[in-house]
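For reference, the chains in residue letters:
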Amino acid sequence: MDGEKTPCFGAVLLGAGNSTRMGGEKSKVLESLGGKPVLAWSLQVLGECPWVGEVVLVCREEDRPAVEALAGSCPVPVQVVAGGAQRQDSVARGVEALSPRWEYLLIHDGARPLVTREVTDAVCRDAMAFGAATAAVPSKDTCKLGDEEGFVESTPPRERLWAVQTPQAFQRELYQRALSLAREAGQSYTDDCQLVEAAGCRVKLTQGDYRNLKLTTPEDRLAARAYTKGERTMRVGYGYDVHRLVEGRKLILAGVEIPFEKGLLGHSDADVVAHAVADALLGAAALGDIGHLFPDTDPQYQGADSLALLGEVCRVLREKGFSLGNLDVTLMAQRPKIAPYILEMRENLGKACGLPVERVSVKATTEEGLGFTGSGEGMSAAAVCLVEET
Ligand code: MG
């Protein structure tokens, strides 16, 4: 911690809004950005701000377990409280939960993950100097005031227009007084500065950052991903599988039924290629292996279509915030000849994983008559893949 800075701010981090404009059911603050939840980005910045001594996370009740899981990584004490009906109520609940010892409040919207330490620090300093401050950037666009019929009413001078962001910071007593006045007047504001402005207080406009965007519509997500590209990581995965060859079973490799006198033995369809690929993908994401996800003791996977299981693995990975890069799999088998089926195998794997066929490689080799694959006792497959955190 910075030696000259004694914490005097309690921070309220808001993640309680609904995500309707983002087009998803999942709370947008819990979506993955650069490999971690959106909310985790600003929690880290607030937690590391030397002025901040405590953080209260305000979230939807149903998100509480996921939000509580984030709290452990924060260097200052964190509480999680449920939000209210309106933004103003959510902030007030967060403020009530803060220890009374903080003289100042720092309020930040969890849907602004790209806030920087510099902006947070500057807003805190201005709040201490002027009582109230907000991060803001000069408007790049000319803005119009519209009338109710959709026509321009007037054009405010652009050089005086600022787009307001968060964090915003206030002397606590000033904020409390403004909140009481708003409640008495039956007013609910969507911006905390507006609340203190209505109580007659001046608010300092602190230079924010154009990258400190608010995730509101799907294109904001694309922009945030572009900004965090340098922080994203690629991961490789490796998978290996073996099945015994027996009589009386179909031989299914990457979903292709191949005419042969024997087939692979297993609880599912024993598709050794699909299994190796699934394990490579799960390995890249450190999510265990296919046997863990679909236990062979579970009767519902008896004779299961392994390509469908592979599709399910890909769905889990995408849900965890990974996107697939490419696959490369090698089948070790003495007989039959695999070459005529390679393209169909690649197409099947590509379909199951949502990858174009050019990013799916399947190769086959004999092992020169050596070992269990060489003797025809079984087949093995090894796969590698690349995935990216999104
Ligand atoms: Mg297997």
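Just so we're clear, the structure is a prediction, and the values are computed from it rather than from any experiment. (Residues numbered from 1 in each chain as written. Predicted model: local features only at pLDDT ≥ 70, side-chain atom pairs only at ≥ 80, totals over all residues. Heavy atoms only, no water.)

## A short note on the pairing of strand E12 (residues 234-247)
Here is step 1 of the chain: Sheet topology places E12 next to strand E18 (residues 378-389); 11 bridges connect them, and they run antiparallel. Note that in E18 the partner of His243 across the bridge is Met379.
Here is step 2 of the chain: Inspection of the sheet shows E12 paired to strand E15 (residues 262-264) by 3 bridges, in the antiparallel sense. By the bridge assignment, Glu247 is partnered in E15 with Lys262. (Pairing = 2+ DSSP bridges. Helix = DSSP H or I, 4+ residues; strand = E, 2+ residues; numbered from the N terminus.)

## As for the nonpolar core
Here is step 1 of the chain: Counting 49 residues, the largest nonpolar core has Leu253, Val273, Leu281 and Leu349 as its most contacted members.
Here is step 2 of the chain: Those elements that place two or more of their residues in this core are helix H8 (272-284), helix H10 (306-319), strand E16 (322-332), helix H11 (342-353), strand E17 (360-365) and E18.
Here is step 3 of the chain: No other element matches H8, which puts 10 residues into this core.
Here is step 4 of the chain: With near-sequence residues (within four places) excluded, Leu349 lies in contact with Ala254, Val273, Ala274, Val277, Leu307, Leu310, Val329, Val360 and Val362.
Here is step 5 of the chain: Of all hydrophobic cores here, the second largest spans 30 residues; its members include Leu46, Leu57, Cys59 and Val76. (Core = buried A, V, L, I, M, F, W, Y, C linked by side-chain atoms within 4.5 Å. Buried < 20%, exposed > 50% of the residue type's maximum accessible area, 1.4 Å probe, protein only. Contact = heavy atoms within 4.5 Å.)

## Thoughts on the UniProt feature "site: Transition state stabilizer" (unreviewed entry) in the chain
Here is step 1 of the chain: Mapped onto the present numbering, the UniProt feature "site: Transition state stabilizer" (unreviewed entry) falls at Arg21, Lys28, His267 and Thr366.
Here is step 2 of the chain: Tracing the backbone through its elements, the reader meets His267 in the loop between E15 and H8.
Here is step 3 of the chain: Overall, the relative accessible area of 24% leaves His267 in the partly exposed class.
Here is step 4 of the chain: Dropping the residues within four chain positions of it, His267 is found in contact with Asp296, Asp298, Pro299, Tyr301, Gln302 and Gly303.
Here is step 5 of the chain: Separated by 3.1 Å, the side chain of His267 and the backbone oxygen of Asp298 make a polar contact.
Here is step 6 of the chain: Summarising the element assignment, Thr366 is placed in the loop between E17 and helix H12 (371-374).
Here is step 7 of the chain: Judged by its relative accessible area of 35%, Thr366 falls in the partly exposed class.
Here is step 8 of the chain: Not counting the four nearest positions on each side in its chain, Thr366 is found in contact with Ala333 and Gln334.
Here is step 9 of the chain: Within polar-contact distance, the side chain of Thr366 engages the backbone nitrogen of Glu368 at 3.3 Å. (UniProt positions renumbered as here; feature names shortened; annotations may be inferred. Polar contact = N/O pair within 3.5 Å; in protein donor to acceptor, adjacent residues only side chain to side chain.)

## Overview of the environment of Ala270
Here is step 1 of the chain: With respect to the element layout, Ala270 can be found in the loop between E15 and H8.
Here is step 2 of the chain: For Ala270, a relative accessible area of 0% translates into the label buried.
Here is step 3 of the chain: Remark: the alpha-carbon pair of Ala270 and Lys36, spanning 234 residues in sequence, is separated by 35 Å.
Here is step 4 of the chain: Beyond its immediate chain neighbours, meaning those up to four positions away, Ala270 contacts His243, Arg249, Ile252, Leu264, Leu265, His275 and Ser306.

## Concerning the coordination of the magnesium ion
Here is step 1 of the chain: Looking at the magnesium ion, one finds its protein donor set to be Asp241 (OD), His243 (NE2) and His275 (ND1), positioned 2.1 to 2.3 Å from the metal centre.
Here is step 2 of the chain: Spacing between the donor residues of the magnesium ion along their common chain follows D-x1-H-x31-H.
Here is step 3 of the chain: Taking the relative accessible area as the measure of exposure, Asp241 reaches 16% and is therefore buried.
Here is step 4 of the chain: Owing to a relative accessible area of 12%, His243 belongs among the buried residues under this scheme. (Donors = N, O, S within 2.8 Å, 3.2 Å for Na, K, Ca; no water.)

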